[in-house]
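What the coordinates show
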Amino acid sequence: MSLQRGPGLAPASARPQRRRGRPVIERIACWSARHAKTAVFGWFGLVAAAFLAGQLLGTQNLQQYDPGQAGLGERILHQLHVTSPATESVLVQPRGKGAASLTFADDPQMRRATAAVATALRRLPFAATDISAPSTATDRLPSSGVSGRGRHGAHSSRGDAVSLISANGHSALVTFEVAGPHADVNSTVAADVAAVARVQAAYPDLIVAEAGSASTTAAGNSLLESDFHRAEFSAIPITLILLLVVFGAIIAAGLPVVLAASAVVATISLLAIPSLWLPIRSGTSEIVLILGMAVGVDYSLFYLRREREERAAGRSAAEALQIAAATSGRAIVISGLTVMISLAGLFLSGIELFTGMAFGTIVVVGVAVAGSLTVLPGLLSMLGDWADRGRIPVLGKRRTAARPSRLWAALIRRVVRHPLAWGGAAALALLILTVPALGIRLGNPLVDLPGNVPVAQTLARIDTAFPGRPAPAEVVATGRDLGGPTVRSAVAALEAHASATGPIRAPITVSSVASGRGLVLEVPLAGSGSGPVSNDALLTLQDQVLPETLGRIAGVSYAVTGNTAIDYDWDTTLRARTPIVFAVVAALAFLILMIAFRSLALPLVSVFLNLLSVGAAYGVITLIFQDGWLQGLFGVSGSTTIAQWVPLFMFVFLFGLSMDYHVFILSRIRERCTRGMSTGEALTSGIAASAGVVTSAAVIMVAVFSIFATLSFVDVKTLGVGLAVAVLIDATAVRGILVPAAMALLGERSWYLPRRLAWLPGWKLHDSDGDTRLAPQAAAARL
């Protein structure tokens, strides 16, 4: 019986017959090559099905809660269906020459513009309600509507009174609440913003601008959407251009882009499923896009370059695919598993913000690995020699065959001869870069928008003209008989702790919510809302005052939320959980590498070097985004802290991605050791042979991550710069100096594994095939 074969495959008689002993990775790749149409069309069918399912289900916008007691308070309020009204403020200020001498009392234009704003808003009963505008200098409004930060970086409407006209008379405010259902305020506020914009157009000599919780959120969502499209339309062309330089052929360059893009589309679509029970934020799509493009292209690049290298060495198409699966394919699986395990560390953080990010990034890496092992061999089998069609003049001839890098080989030889000097110098340089990270300060900005966004500028002007006290802490209480005398007595005892100079300030306000099923107590705290004074006041409230008052009543429970509590709980949760995440991720990465390479020393070296490169990246972002070095280059000004979520996310991200290069390089070195080379010889040969593909992959990944640095939000810029710097360090100082220096110092001890661990699976050092060319039969049983 004759066997059908796909284009480019050798006849059945020419194929290796050892099938049962082949690793599963190679069997999957060979099956895909033999059944190319099934693999390729099946893959794109699954992507289309995922896209259709995502469109039909739609990504749900579940409530996301902050960590700790603050998040518990938010959850209770949500369960009670208590929502704070979305408040907006319209600022009216003179501008231009003579503006400093104009006041609301003596400038009729300011008074007319203020009246015009109030009139325009009253004509929109479906969009604005509870409108307040100044008519005399004694008009008042709640102060934290202009100075306190709400739960999402916008301003709330609670606090003590302050005039609708600024103290110097140069500014006036019109305040209102956005009408309609709370879920629709971000779209409803657009009508209010448009009405204010029409008044601004009628009074060009004045500043007439709106800002508040709803307009800030709407501006942020619009900016996120714009950033996503910019990243989407930048990542693919940049990647394709760089791949054209790498491969010198249009079709070969397009294959990694197709695989990576399909993995991203499938993952973003599939996020609609976990969004039914997990909070998936819109920013998750940006991270999935960038990471998916980076790892998808990297994995394809490793596979394609090895397949091309084997074909250039005289192998048949079938043999080349088989060897690529047994070597690069295995390295891709090890790397992918390490990346996914690292990202899974985010689940240990105890912070819901990371849950959706972790899920999305793990899925996109898994999909990229699956595509590299299935659809990529299928596409290569279908295309055959057509993969090299569309060659770019000059580049096409030069890039078809991968050759060892003479530059890197010369560097490695020097490092191997003097490992202590070279390794010590490189390690010292990275340690110096790490030093600034020792002074890193974590925090959240009052408004999570770039300073050049109009609504953020308006908020800054309002805060300057109408300085006020920070928003109070909110104590949310639930239980039985909340209106009874016992609870009233406890509240009176709580009020007795308030003073003008103590940690708890007056006045304390009490509101019954949800038909008496809950109480919300607004408790002003000492300090500015953040920092040691406010944190000490919060702890006094949580640990002393409340246990002595509401805490003594059986059946009554409470939680403290509000801006100060949110910031404090974020900080304490991160401080408590970060060491756990670091330890678990490092330990699991160590185990994977120990099993993969049957060595104790190499995993220890890899983990240490990863920590060193992450530390250096932390130092760089601290210098730029905290200490102000080169901020102008990235369009940042006034940033003095690093966003709380960035360092932990960077760690799990980088710890996994750094393994890409470690695994691929160590695989090449190990491969040569199985052929009988010494560790020193294998170092020079393996790193030189992998230099082209690792450098290409690093350049592409740095370029893709650099897209983050061009986006609008400072925290996203910080993440992009940190990732790009760490990848650059890994691909140069770590790959070219520290890895060979460490292995040269260790010598054959690099492969040491205690006898009691000899049962571990993996790649044994002495290959029984004895074929120094790494024939397909040997490749089938070994990496």
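As a reminder, the structure under discussion sits directly above these lines.
Note that the structure is predicted; figures quoted are calculated from it, not measured. (Residues numbered from 1 in each chain as written. Predicted model: local features only at pLDDT ≥ 70, side-chain atom pairs only at ≥ 80, totals over all residues. Heavy atoms only, no water.)

**Focus on the overall build of the chain**
When helices and strands are tallied, the chain shows 24 helices and 12 strands. Here the chain holds 783 residues, and the buried ones make up 56% of them. For the chain, the exposed area adds up to about 32100 Å²; of that, 62% sits on carbon and sulfur atoms. (Helix = DSSP H or I, 4+ residues; strand = E, 2+ residues; numbered from the N terminus. Buried < 20%, exposed > 50% of the residue type's maximum accessible area, 1.4 Å probe, protein only. Areas by Shrake-Rupley, 256 points an atom, 1.4 Å probe, with all protein chains shown as cover.)

**As for the nonpolar core**
Within the largest apolar cluster, 201 residues are counted, with the highest numbers of intra-cluster contacts made by Val 365, Leu 541, Trp 645 and Phe 705. Val 92, Phe 104, Ala 128 and Val 208 belong to the second-largest nonpolar core, a separate cluster that totals 28 residues. (Core = buried A, V, L, I, M, F, W, Y, C linked by side-chain atoms within 4.5 Å.)

**Details of the sheet that holds strand S8 (residues 473-479)**
The four strands are arranged S9-S10-S8-S11 in an open sheet whose pairing can be described as antiparallel. The open sheet has two edge strands, strand S9 (509-513) and strand S11 (556-561), and neither has a second partner. Taken over all neighbouring pairs, the strand axes of this sheet differ in orientation by 20 degrees on average, direction set aside. The sheet contact formed by S8 and strand S10 (residues 518-523) spans six bridges and is antiparallel. Across the sheet, the residue bridging to Val 475 is Leu 521, located in S10. (Pairing = 2+ DSSP bridges. Axes fitted to C-alpha atoms, helices over the stretch in contact; angles between N-to-C directions.)

**Here we look at the pairing of S8**
Counted residue by residue, S8 has six buried out of seven residues, so it is predominantly covered. The sheet contact formed by S8 and S11 spans six bridges and is antiparallel. Bridge pairing in S11 places Ala 477 opposite Tyr 558.

**Quick look at the environment of Ile 323**
Among the secondary structure elements, Ile 323 is positioned in helix H10 (residues 317-344). Separated by 17 residues in the primary sequence, Ile 323 and Arg 306 place their C-alpha atoms 8.0 Å from one another.

**Quick word on the sheet that holds strand S2 (residues 128-132)**
Read across the sheet, four strands follow the order S2-S5-S1-S6 without closing on themselves; strand pairing throughout is antiparallel. The open sheet has two edge strands with one neighbour each: S2 and strand S6 (206-212). Going across the sheet, the axis of each strand differs from the next one's by a mean of 20 degrees, ignoring polarity. Bridging between S2 and strand S5 (residues 172-178) involves three bridges; their strand directions are antiparallel. Bridge pairing in S5 links Thr 129 to Glu 177. Docked against the sheet, helix H7 (residues 213-247) engages strand S1 (87-94), S5 and S6, running at close to 85 degrees with respect to S6. Contacting S1, S5 and S6, helix H16 (residues 454-465) runs over the sheet at an angle of about 100 degrees to S6. (Contact = heavy atoms within 4.5 Å.)

**Describing the packing of aromatic side chains**
Taken as a whole and judged by the stated rule, the model has seven aromatic pairs. With centroids separated by 4.3 Å and ring planes inclined at 15 degrees, the aromatic side chains of Phe 302 and Phe 664 adopt a geometry described as stacked. Of this pair, Phe 302 sits in helix H9 (residues 283-312) while Phe 664 sits in helix H21 (residues 646-674), and the two are 362 residues apart along the sequence. For the residue pair Phe 302 and Phe 664, the accessibility class agrees, reading buried in each case. Ring geometry for Phe 653 against Phe 705: centres 6.1 Å apart, planes inclined by 55 degrees, an arrangement best described as tilted. (Phe/Tyr/Trp six-rings, centres within 6.5 Å; stacked < 30°, edge-to-face > 60°.)

**Focus on unusual backbone geometry**
Backbone torsion omega between Ala 506 and Pro 507 reads 0 degrees, so that peptide bond is classified as cis. Despite not being glycine, His 81 has its phi angle at roughly 60 degrees, a positive value. One non-glycine residue with positive phi stands out, namely Ala 514, at about 55 degrees. Inspection of the secondary structure puts Ala 514 in the loop between S9 and S10.

**Focus on the pattern of salt bridges**
On inspection of all chains with the given rule, the structure shows eight salt bridges. A salt bridge links Arg 315 to Glu 310, with the nearest nitrogen and oxygen atoms 3.3 Å apart. Exposure remark for Arg 315: the relative accessible area of 18% places this residue in the buried category. On the basis of relative accessible area, Glu 310 is assigned to the buried category, the value being 7%. The partner of Arg 575 in a salt bridge is Asp 571, and the shortest N-O contact between them spans 2.9 Å. You can see Arg 575 and its partner Asp 571 sitting in helix H19 (residues 563-597), four residues apart, about one turn around the helix. For Arg 575, a relative accessible area of 61% gives the class exposed. (Salt bridge = Lys/Arg side-chain N within 4 Å of Asp/Glu carboxyl O.)

**As for a nonpolar patch on the surface**
Taken together, the side chains of Leu 57, Leu 270, Ile 273, Leu 276 and Trp 277 make up a nonpolar region of the molecular surface, amounting to roughly 460 Å² of accessible area. Here Ile 273 is to be found in the loop between helix H8 (250-270) and H9. (Patch = residues over 30% accessible without salt bridge, like charges linked within 9 Å, V, L, I, M, F, W, Y side chains within 5 Å.)

**Quick word on the environment of Ala 39**
For Ala 39, the position within the fold is in helix H2 (residues 36-57). Expressed as a C-alpha distance, the spacing of Ala 39 and Leu 376, which sit 337 residues apart in the sequence, is 8.9 Å. With residues up to four places along the chain from it excluded, the contact list for Ala 39 reads Trp 31, Ser 32, Thr 374 and Val 375.

**Thoughts on H19**
Between its first and last C-alpha, H19 extends 49 Å over 35 residues, near the 51 Å set by a 1.5 Å rise per residue. Arg 598 sits one or two residues past H19 and shows a positive phi near 50 degrees. (Expected span 1.5 Å × (residues − 1).)

**Some remarks on the packing of H9 against H10**
Axis separation between H9 and H10 bottoms out at 8 Å; the angle between their running directions is 160 degrees. Regarding the angle of H9 to H10, the classification is roughly antiparallel. Between H9 and H10 the crossing geometry is right-handed. Classifying every residue of the contact of H9 with H10 by side-chain character gives 12 nonpolar, five polar and four charged. (Parallel < 35°, antiparallel > 145°, perpendicular 65-115°, else oblique. Left-handed = near helix turned anticlockwise from the far one by under 90°. Nonpolar A, V, L, I, M, F, W, Y, C, P; charged D, E, K, R; others polar.)

**As for the packing of helix H1 (residues 24-34) against helix H12 (residues 375-383)**
Between H1 and H12, the shortest axis-to-axis distance is 7 Å and the interhelical angle comes to 40 degrees. Crossing of H1 over H12 shows right-handed handedness. Every residue of H12 that contacts H1 at Ala 29, Ser 32 and Ala 33 is listed here: Pro 377, Gly 378 and Ser 381. The residue inventory of the contact of H1 with H12, partitioned by class, reads three nonpolar, three polar and no charged.

**With respect to the side chain of Thr 239**
Among the secondary structure elements, Thr 239 is positioned in helix H7. Thr 239 gets classed as buried once you look at its relative accessible area, which sits at 0%. Excluding residues within four positions of it along the chain, Thr 239 makes contact with Val 257, Met 293, Val 297, Ile 700 and Val 704.

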